[in-house]
Amino acid sequence: MFLIEDPFKDLLIKMNQLKNNQNQLNKVEIPSFSRIVWRENCRDNSDLFYRWAEEFNRAELMTVVNKVRDCGIFLVEDIKYQEECFNFNKMGLIFLPIQKIEKDNSLVQPIFSSEKSRFIQCAVSYSEEKAQELVGCLRSGGANSVSKIGKLLGYPSCCIKSLLKYSKEKDAIDSIFTAAKKTKGVKISKEKVADGKGFPKKVSAETLSVNILPEINVALRNFGVKTISHIPCSFDCKESQKISKKFLQFMPSSSSLLKFLAEPMIWDEYKGMAIINTKWLRGATQSIFHDDKIHHIINLNKRKV
Ligand SMILES: [Zn+2]
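Here's a quick rundown of the structure. As the structure is a computational prediction, the values presented were derived from the model and not from experiment.

Right, let's talk about the overall build of the chain for a bit. The number of helices and strands found in the chain is nine helices and 10 strands. Out of the 305 residues belonging to the chain, those deemed buried represent 37%. A sequence separation of at least 24 residues applies to 69% of the contacts in the chain between residues at least 6 apart.

Rendered as structure tokens:
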């Protein structure tokens, strides 16, 4: 049982508008959003959920301070920007703003709390040259920047290779789905399933059932809850697991987070919007728009090893 269903209504309307307005030649740009509805009696867990997100943001920074990698991407509340720059400059870190994140409050639940809706996304590094290189690559975009960005942010080479291949694909489905498909032991089925919204009608879907390493479960990445900053090439990528362990060293609440990430979850994407069902909450977030007329579902950790 969920407390309320309504918060998703405007998102679905927005998605339909996007779908109807789409230009046949261009992909529809899905706006960034992430919204949560808590299950009944689970709202008390929201503090812990947002603490995990804050701890990951801090680990983005600490992995750079400790030279686990050259650069990171850190979110700073705009009102604290000067103060944070001053503090981290003292630690020998360079901060360069990438972009202001002005969230549309009608559509977006900020990742940390309802009052903090304005952030500055910064490139952070111990080297000014590397921080500048990262900002330049992020702004120029394109396939050529992908491997440079991946290297600067410390992604494993197997995941960079997979990201590069993915960036060149036309009509790609979300790379989380691609990663799940490449995971050892995945079971793939194409059938009609319940649509997950409580209606009796069934919808066409491609469903992947897969057990994954909790350390690299990024299904909730758009809510800030994650343990690595990249999408792994598969959900059993050992190199990503190694990096995750380095991030987790800087996350005091890592044991409760890993326990949560090992629980069953369902990630259900349709035409660029993903709904994630977990034991505590249902989340809605943007995915990659495509015109595939089926649901893409990942049934995570259904069968315990
Ligand atoms: Zn990998």
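Turning next to unusual backbone geometry. Residue Asn41 is not a glycine yet carries a positive backbone phi of 65°. Inspection of the secondary structure puts Asn41 in the loop between β1 (34–38) and α2 (46–65). C-beta crowding within 10 Å serves as the criterion here: with 10 such atoms nearby, Asn41 is assigned to the exposed category. Not every positive phi belongs to a glycine, and Lys271 is a case in point at roughly 50°. Note on placement: Lys271 falls in the loop between β7 (265–270) and β8 (273–277). For Lys271, a count of 21 C-beta atoms within 10 Å translates into the label buried.

Right, let's talk about the packing of helix α4 (residues 128–140) against helix α5 (residues 143–152) for a bit. Packing of α4 against α5 brings their axes to within 9 Å, and their N-to-C directions diverge by 145°. Of the two possible hands of crossing, α4 and α5 adopt the one that is left-handed. Counted together, Lys130, Glu133, Leu134, Cys137, Leu138 and Ser140 of α4 and Ser145, Lys148, Ile149 and Leu152 of α5 form the full contact between these two elements. Classifying every residue of the contact of α4 with α5 by side-chain character gives five nonpolar, two polar and three charged.

A few words now on helix α3 (residues 81–90). Taking burial as the measure, the 10 residues of α3 include zero buried ones, a minor fraction of the element. Positive backbone phi, approximately 85°, marks Gly92, located one or two places after α3.

Read across the open sheet, the seven strands follow the order β1-β9-β8-β7-β10-β6-β5; overall the sheet is mixed. Two strands lie at the open edges of the sheet, namely β1 and β5 (187–194), each paired on one side alone. In this sheet, adjacent strand axes meet at a mean angle of 20° when their direction is disregarded. As judged from the eight bridges shared by β5 and strand β6 (residues 202–210), these two strands associate in the antiparallel manner. Following the sheet pairing, Lys190 is matched in β6 by Glu206.

Turning our eyes to something else, we now look at the environment of Asn144. If you trace the backbone, Asn144 turns up in helix α5. Its 12 C-beta neighbours within 10 Å are what place Asn144 among the exposed residues. Between the C-alpha atom of Asn144 and that of Ser167, which follows or precedes it by 23 residues, the distance is 9.8 Å.

What follows covers the nonpolar core. Counting 68 residues, the largest nonpolar core has Cys71, Val124, Ile176, Ala180, Ala219, Trp267 and Ile298 as the members making the most contacts within it. Here this core gathers at least three residues from each of two domains, domain 1 (1–55 + 173–305) and domain 2 (70–153). Setting aside chain neighbours within four positions, we find Ile176 in contact with Val218, Ala219, Ile231, Trp267 and Ile298.

Bringing α2 into the picture now. Taking 1.5 Å per residue as the helical rise, α2 with its 20 residues ought to reach 28 Å, and the 29 Å between its terminal C-alpha atoms agrees with that figure. Phe49, Trp52, Ala53, Glu55, Phe56, Ala59, Glu60, Leu61, Thr63 and Val64 are the residues of α2 that are buried. The inward-facing, buried residues of α2 abut β2 (71–77), β4 (118–125), α8 (238–248) and α9 (254–261). Positive phi appears at Lys67, one or two residues downstream of α2, with a value of about 55°.

The relative placement of two packed helices comes down to the angle between their axes together with the axis-to-axis distance. At a minimum axis separation of 9 Å, α5 and helix α6 (residues 157–167) run at an interaxial angle of 160°. Of the possible angle classes, the one that applies to α5 and α6 is roughly antiparallel. Considering only the axes of α5 and α6, their crossing is right-handed. Residues Ala143, Val146, Ser147, Gly150 and Lys151 of α5 pack against Ile160, Leu163, Leu164 and Ser167 of α6. Tallied by class, residues from the contact of α5 with α6 come to five nonpolar, three polar and one charged.

A separate point is the environment of Phe235. By the element assignment, Phe235 lies in the loop between β6 and α8. Residue classification places Phe235 among the buried positions, given that 30 C-beta atoms sit within 10 Å. In this structure the C-alpha to C-alpha distance between Phe235 and Lys184, which are 51 residues apart in sequence, comes to 8.2 Å. When neighbours within four sequence positions are excluded, Phe235 is seen to be in contact with Ala179, Ala180, Thr183, Val210, Ile212, Leu213 and Ile216.

Criteria and cut-off values
- Residues numbered from 1 in each chain as written.
- Predicted model: local features only at pLDDT ≥ 70, side-chain atom pairs only at ≥ 80, totals over all residues.
- Helix = DSSP H or I, 4+ residues; strand = E, 2+ residues; numbered from the N terminus.
- Buried ≥ 20, exposed ≤ 12 C-beta atoms within 10 Å, placed from the backbone.
- Contact = placed C-beta atoms within 7 Å.
- Axes fitted to C-alpha atoms, helices over the stretch in contact; angles between N-to-C directions.
- Left-handed = near helix turned anticlockwise from the far one by under 90°.
- Nonpolar A, V, L, I, M, F, W, Y, C, P; charged D, E, K, R; others polar.
- Pairing = 2+ DSSP bridges.
- Core = buried A, V, L, I, M, F, W, Y, C linked by C-beta atoms within 7 Å.
- Domains from an automatic or database assignment.
- Expected span 1.5 Å × (residues − 1).
- Parallel < 35°, antiparallel > 145°, perpendicular 65-115°, else oblique.

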